[in-house]
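Observations on the model geometry
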Amino acid sequence: MDLKKILLERLEGKGVEPVLIPGLLKNIMATLKDRPDITHEEVSERLHYIGWNDFDLDENTLQIIIADYEASAPAHPAHM
């Protein structure tokens, strides 16, 4: 099973509508680009601040998001 499919199933299982997943992932990645060392709790706080009140990010989901991003990113250090 590929990471993208696992990630989508996980987010849908957490109650995120499929149509909203790209926006959520964009917000999470923007947060990670600002602070690569941020914890999943801090990411959740930022998401709540910008309106994702019904979503709590757990460590495993964050790691899947990062792994999926790294697997799909070009091999260029400035990409993230």
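For the structure, see preceding data.
Description of the structure in this document. (Residues numbered from 1 in each chain as written. Predicted model: local features only at pLDDT ≥ 70, side-chain atom pairs only at ≥ 80, totals over all residues. Heavy atoms only, no water.)

1. Brief notes about the environment of Leu7
- One can find Leu7 in helix α1 (residues 3-13).
- Look at Leu7 and you get buried, because its relative accessible area is 1%.
- Measuring from C-alpha to C-alpha, the distance between Leu7 and Asp58 comes to 12 Å, with 51 residues separating the pair along the chain.
- Setting aside residues no more than four positions away along its own chain, Leu7 makes contact with Leu25, Thr61, Ile64, Ile65 and Asp68. (Helix = DSSP H or I, 4+ residues; strand = E, 2+ residues; numbered from the N terminus. Buried < 20%, exposed > 50% of the residue type's maximum accessible area, 1.4 Å probe, protein only. Contact = heavy atoms within 4.5 Å.)

2. A look at the environment of Thr39
- Mapped onto the elements, Thr39 comes out in the loop between α2 (21-34) and α3 (40-49).
- Residues Thr39 and Tyr69, 30 residues apart in the sequence, show an inter-C-alpha distance of 17 Å.

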